[in-house]
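Structural characterization, general
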Amino acid sequence: MAGARIIGGKLLHYSSLPSTMEAAAREARRGVAEGTVVWADEQLTGRGRKGRDWISPRGGLFLSVVLRPTTPQLPSLLMLASVAMVRVLGRLFRLHARLKWPNDVLIRGKKVSGVLVESSFRGEVLEYAVIGMGLNANFDPGAYPEVSATATSLSRELGREVDLMEVLDALLWELDGLYRQLRAGGSVFDEWRGFLETLGQRVRVIGPGLEEEGLAQDVMADGRLLLLRKDGHRIEIPAGEVSLLPGC
Ligand code: BTN
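How each quantity is defined
- Residues numbered from 1 in each chain as written.
- Predicted model: local features only at pLDDT ≥ 70, side-chain atom pairs only at ≥ 80, totals over all residues.
- Heavy atoms only, no water.
- Helix = DSSP H or I, 4+ residues; strand = E, 2+ residues; numbered from the N terminus.
- Expected span 1.5 Å × (residues − 1).
- Buried < 20%, exposed > 50% of the residue type's maximum accessible area, 1.4 Å probe, protein only.
- Polar contact = N/O pair within 3.5 Å; in protein donor to acceptor, adjacent residues only side chain to side chain.
- Phe/Tyr/Trp six-rings, centres within 6.5 Å; stacked < 30°, edge-to-face > 60°.
- Pairing = 2+ DSSP bridges.
- Domains from an automatic or database assignment.
- Contact = heavy atoms within 4.5 Å.
- Buried area = accessible area lost by both parts, 1.4 Å probe.
- Salt bridge = Lys/Arg side-chain N within 4 Å of Asp/Glu carboxyl O.
- Near = heavy atom within 4 Å.
- Areas by Shrake-Rupley, 256 points an atom, 1.4 Å probe, with all protein chains shown as cover.
- Nonpolar A, V, L, I, M, F, W, Y, C, P; charged D, E, K, R; others polar.

Let's shift gears to helix H4 (residues 164–183). Between the first and last C-alpha of H4 there are 28 Å, a value that for 20 residues agrees with the 28 Å anticipated at 1.5 Å per step. With respect to burial, H4 is a largely interior element, 14 of its 20 residues being buried. The N-terminus of H4 is capped by Asp163, whose side-chain oxygen sits 3.0 Å from the backbone nitrogen of Met165. Remark: Gly185 follows H4 within two positions and exhibits a positive phi of approximately 100 degrees.

Okay, structure coming up:
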C-alpha cells in the first residue's frame, strides 16, 4: 500500500526482556511514535492470553507493536495480527497456517504463534494499544512438557532453521500494510474469517464466566463467535478458549 510506513519505522531490539509487552507499554506512555516495535531474543516472563506463560526461549520471535488506533478499530487489531502471520508463513515457507478462534495460529492443528492485544484507556479515551506476537521459530516445543502436545515450531515443520530477521521484516511489512488499510477505512475481517478453521465445527468454549457447547456457526464483525447451542439458541461469545468436541 502506498504512503508513509507506520509499523516498523522504529525498532527497539533487546537481547533479553521480562516481556516485550511491558517494554512497549512503557515506550507508549513515554510518547514514542506510533508503530514502534519492541523485539526481544528471549523473554524471561513472556505472557500469553488469560495470564498464561508464553514460552520464550532464544530461537523464538517475540515482539510488541505500539499503536494509537481509534476505539472502533481496536477489535480489528487481533484480526490483522493473526492474518499477517498466516500470510507470512504462506509466503515465505509455503506453510498452510490456519486460525483457531480468535487468534491462535495453527499448523496441522498445532499452535505455532499467538497474539495478545492490550490497551490503555484514560476514562473513555483510548491512549494506546499494544499488539504482542510470539512465534515458535527455531526451537523445539517438544522440550517443554506444558506445550509439547499442543505446539509446533517452524524448525519442526520445515526440518531446518529459518532466518528470524527475514520473518520479522516480512511480518512488519504485512502488519504495516494491513494497519494502514484499516486506518483508511478498510477491513481485514473477511480474510480473518476465511482463515478460521473453527467455523463449522462442534466446539466447547470456555470464557470469562461461561462454558458453552455447540456449533461454531460464524463470527461477527467485532470478532465475537456465534455459537448455535443444542437447544437451538444462538449466542454471541466475546472471548474464550475453544476446543473441538469429540467426534468432530
Ligand atoms: C497467546 O496466548 O496466544 C498470546 C501469546 C502472545 C505472546 C507474545 S510474545 C511477545 C509478547 N510479549 C509477551 O509477553 N507476550 C506477547
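Let's pick the thread back up.
Tallied over the full model, the rule gives two aromatic pairs. A ring pair is formed by Phe189 and Trp192, whose centres lie 6.1 Å apart and whose planes are at 50 degrees; its orientation type is tilted. Taken together, the positions of Phe189 and Trp192, both in helix H5 (residues 189–195) and three residues apart, correspond to about one turn of that helix. By relative accessible area, which is 1% here, Trp192 ends up buried.

Turning to the pairing of strand S8 (residues 202–207), a few remarks are in order. Because side chains alternate across S8, one face comprises the buried residues Val203, Val205 and Gly207, and the other comprises Arg202, Arg204 and Ile206, none of which is buried. The loop that links S8 with its antiparallel partner strand S9 (residues 210–219) comprises two residues; one of these, Gly209, has a positive phi angle of about 70 degrees. Judged from the four bridges that link them, S8 and strand S12 (residues 241–244) form a sheet pairing that is antiparallel. Counterpart to Val205 in the pairing with S12 is Val242.

Moving on, we come to the domain arrangement of the chain. A common measure of how large an interface is: the accessible area buried when the components associate. Structurally, the chain comprises domain 1 (11–195) and domain 2 (202–244). Contacts between the two partners involve 12 residues from domain 1, matched on the other side by 16 residues from domain 2. When the two sides are added together, the surface that domain 1 and domain 2 hide from each other amounts to roughly 1,000 Å², 55% of it contributed by carbon and sulfur. Here domain 1 is connected to domain 2 by four salt bridges. Measuring nitrogen to oxygen at the nearest pair gives 3.2 Å for the salt bridge that ties Arg49 to Glu241.

To continue, consider the environment of Lys230. In this structure, Lys230 sits in the loop between strand S10 (225–228) and strand S11 (234–237). Its relative accessible area of 84% is what places Lys230 among the exposed residues. Taking the C-alpha atoms as reference points, Lys230 and Ala33, 197 residues apart in sequence, are found 49 Å from one another.

This part takes up the site of the ligand. In the vicinity of the ligand, 20 residues are found, and the nearest of them are Ser19, Gln43, Arg47, Arg49 and Lys111. Between an oxygen atom of the ligand and a side-chain N or O atom of Ser19, the distance comes to 2.7 Å. One nitrogen or oxygen atom from the side chain of Gln43 is found 2.8 Å from a nitrogen atom belonging to the ligand. When isolated, the ligand has an accessible area of 410 Å², and the protein chains bury 98% of it. Grouping the constituent residues of the shell around the ligand by class yields seven nonpolar, nine polar and four charged.

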